[in-house]
Amino acid sequence: MRIDWEVYGLELGTPLRISRSVMSRRDAVRVVVEHDGQRGHGEVVTSTYYRLDVEAITSCLERLRPVLAGADSPDTALAALHAEPVVPQGVRAAVDAALHDLLALHRAVPVHVLAGVLRWADTPTAYTIGITTPQDAAAQAAALTGRGFRVLKVKAGADPERDVAAVTAVRAAAPEARLVLDPNGGWSADETVRVVDRLTAAGVVLDAVEQPIPPGDPDALAWVRERCPAPLVADEDAATADDVRRLAGAVDGVNVKLAKCGGLRPALDIVSAARDGGLDVMLGCLVASSLGIAPAVHLAGHARWVDLDGHLLLAHDPWSGIGGEDGTLRLSGAPGLGVVRR
C-alpha cells in the first residue's frame, strides 16, 4: 500500500473572525492512498489551534509510509494507523478518510454505509456568520436564508454587548432560521448565563449554545447547563469517547470534529458513547475543501445538529460532490466519499 500527498492553498471568500482569531486562508494537504489499482483520498488542513503546519503534516505522513506499506488491505491499514501513538489527530483523520474511501471503493458502497448510515437523506447544514457588526450579521442572515439556509451559526465571544446585538439582529433578519450560538470558549460561566438570559428576554430562542466557556472545567459547564434554557454542546471539552463519558449529565450534546478526534473510526466510538450517555451529537468541521468535509457528511445520519459548511466559506473549492450551496448537503450515492476534483 502506497501513500502520497499534494499541498495546495485554500482562500476564504471573506475573512472569518471568531473569538480567538481571524482567518483568511489555510493550506491543505491532499492525502492519496493507493492499493490494488484504486486510490482513496483524504485532506488535512493547517491549524494554529491544533498546532499543524505544512511541515508538521508532511513530516508525519513521511513517517507513516512504512506503516501503510506493511498493510495488505485497507482494514489492516486502518488498524495499523490507529495503533500509531504519535500522530496528530488531523493527519490521522485525513489518512483514515483516505482508507475508508479506498475500503468503500473496494466494496462498491458509499462511505456512509461503512459508518452505519445505510440510507442517506439530504441534510440541512448550518452556515457560519463570523464576528462582525450587527448590521452586517443581519445582512448576511437575510442573504443566507434567501439562498435556502435554515440553520445559522453565529460566532460570539469577543464582547457580550455586541454578541447580544448581533444575535438579536440575526433573529430579526431571519425569523424562521434555527440559531446556534458559538462563543468558542470566549465567555465566563456567568457571562454565558447573562447573555442567554438577555436573548431569551428579547424573544430569541436558540437551538444550541456551543462551548461558551474555556475548556477544562466540566463542573462549570454543568453549572451553565442548569441555568441555560438552550441545549448546551461541548466542543473542545469532547475530544475522545472517554471525554464524552465524563460529560454525561453535564451537557446536552457534543461536537464531533474528525480533525479533533482522529477520523471516522474514533468518531463512531464518540457517537456510541454519546448515545450511551443520553447526549446528542453535533457534527462540526474546520474550513476545508469538499474533500476535507466529505467524511463528516457521511456521518450526518448520526447527528442532531450538522455544521458542515467549511467548503462553503471558500472563494474556490477545488473539489465537489457534497452540495450545501443552498443550505442542503447532498451525496451522489457513488462508491467511496463521492467527491471529484474540479
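Residues numbered from 1 in each chain as written. Predicted model: local features only at pLDDT ≥ 70, side-chain atom pairs only at ≥ 80, totals over all residues. Heavy atoms only, no water.

### Let's talk about the overall build of the protein
The secondary structure content of the protein amounts to 12 helices and 15 strands. Since a compact globule built from 342 residues should have a radius of gyration of about 20 Å, the 19 Å found for the protein is in line with a globular shape. Taken along the three principal axes of its C-alpha coordinates, the protein extends 60 × 40 × 40 Å. The buried share of the protein, taken over its 342 residues, is 58%. (Helix = DSSP H or I, 4+ residues; strand = E, 2+ residues; numbered from the N terminus. Rg over C-alpha atoms; globule rule 2.2 N^0.38 Å. Buried < 20%, exposed > 50% of the residue type's maximum accessible area, 1.4 Å probe, protein only.)

### Description of the sheet that holds strand β2 (residues 21-35)
Strand order in the open sheet formed by three strands is β1-β2-β3, and the pairing between neighbours is antiparallel. Strand pairing shows two members of the sheet lacking a second neighbour, β1 (2-18) and β3 (38-45), which therefore form its edges. Direction aside, the axes of adjacent strands within the sheet are offset by 20 degrees on average. Across eight bridges, the pairing between β2 and β3 is antiparallel. When the sheet's bridge partners are listed, Val 31 is paired in β3 with Gly 42. The sheet contacts of helix α1 (residues 54-69) involve β1, β2 and β3, and relative to β1 the element is tilted by about 150 degrees. (Pairing = 2+ DSSP bridges. Axes fitted to C-alpha atoms, helices over the stretch in contact; angles between N-to-C directions. Contact = heavy atoms within 4.5 Å.)

### Topic: helix α3 (residues 89-107)
Over its 19 residues, α3 runs 26 Å from end to end, which matches the ideal 27 Å to within 8%, given 1.5 Å per residue. Positive backbone phi, approximately 60 degrees, marks Ala 108, located one or two places after α3. (Expected span 1.5 Å × (residues − 1).)

### Digging into the side chain of Arg 30
In this structure, Arg 30 sits in strand β2. Separated by 3.3 Å, the side chains of Arg 30 and His 41 make a polar contact. Apart from residues lying up to four places away in sequence, Arg 30 is in contact with Asp 4, Trp 5, Glu 6, Tyr 8, His 41, Gly 42, Leu 291, Trp 319 and Arg 341. (Polar contact = N/O pair within 3.5 Å; in protein donor to acceptor, adjacent residues only side chain to side chain.)

### A short note on the environment of Arg 26
On the secondary structure map, Arg 26 appears in strand β2. When the C-alpha atoms of Arg 26 and Val 87 are compared, they prove to be 20 Å apart, with 61 residues separating the residues in sequence. If we skip the residues at most four places from it in the chain, Arg 26 touches Tyr 8, Gly 9, Leu 10, Val 45, Thr 46, Ser 47, Leu 286 and Val 287. A distance of 3.3 Å separates a polar side-chain atom of Arg 26 from the backbone oxygen of Val 287.

### Here we look at the pattern of salt bridges
When the charged atoms of two side chains lie near each other, side chains of opposite charge can form a pair. Inspection of every chain in the model, using the stated rule, returns 25 salt bridges. Lys 153 is paired through a salt bridge with Asp 307; the nearest N and O atoms lie 2.6 Å apart. You can see Lys 153 sitting in strand β6 (residues 151-155) and its partner Asp 307 sitting in the loop between β12 (305-306) and β13 (319-320), a full 154 residues away along the chain. Looking at Asp 307, the relative accessible area reads 7%, which means it is buried. Residue Arg 178 is joined to Asp 207 by a salt bridge in which the shortest nitrogen-to-oxygen separation is 2.9 Å. Taken together, the residues span a long stretch of sequence, with Arg 178 in strand β7 (residues 178-182) and Asp 207 in the loop between α7 (189-201) and β8 (208-210) at a distance of 29 residues. Among the charged side chains, a network of salt bridges with common partners joins Lys 153, Lys 155, Asp 182, Glu 210 and Asp 307. (Salt bridge = Lys/Arg side-chain N within 4 Å of Asp/Glu carboxyl O.)

### Points about the packing of aromatic side chains
Centre-to-centre distance and the angle between the planes together describe a pair of aromatic rings. Enumeration according to the criterion identifies two aromatic pairs in this entry. Ring geometry for Tyr 49 versus Tyr 50: centroids 5.2 Å apart, planes at 85 degrees, classification edge-to-face. A relative accessible area of 39% means that Tyr 49 is categorised as partly exposed. Judged by relative accessible area, Tyr 50 falls into the partly exposed class, the value being 25%. Ring plane angle 70 degrees and centroid distance 5.2 Å describe the contact between Tyr 127 and Phe 149, whose orientation is recorded as edge-to-face. Taken together, the residues Tyr 127 in strand β5 (residues 126-129) and Phe 149 in the loop between α5 (134-147) and β6 connect sequence positions 22 residues apart. For Phe 149, a relative accessible area of 2% gives the class buried. The ring of Tyr 49 carries the charged tip of Arg 20 above its face, separated from the ring centre by 4.0 Å. (Phe/Tyr/Trp six-rings, centres within 6.5 Å; stacked < 30°, edge-to-face > 60°. Lys NZ or Arg CZ within 6 Å of the ring centre and 35° of its normal.)

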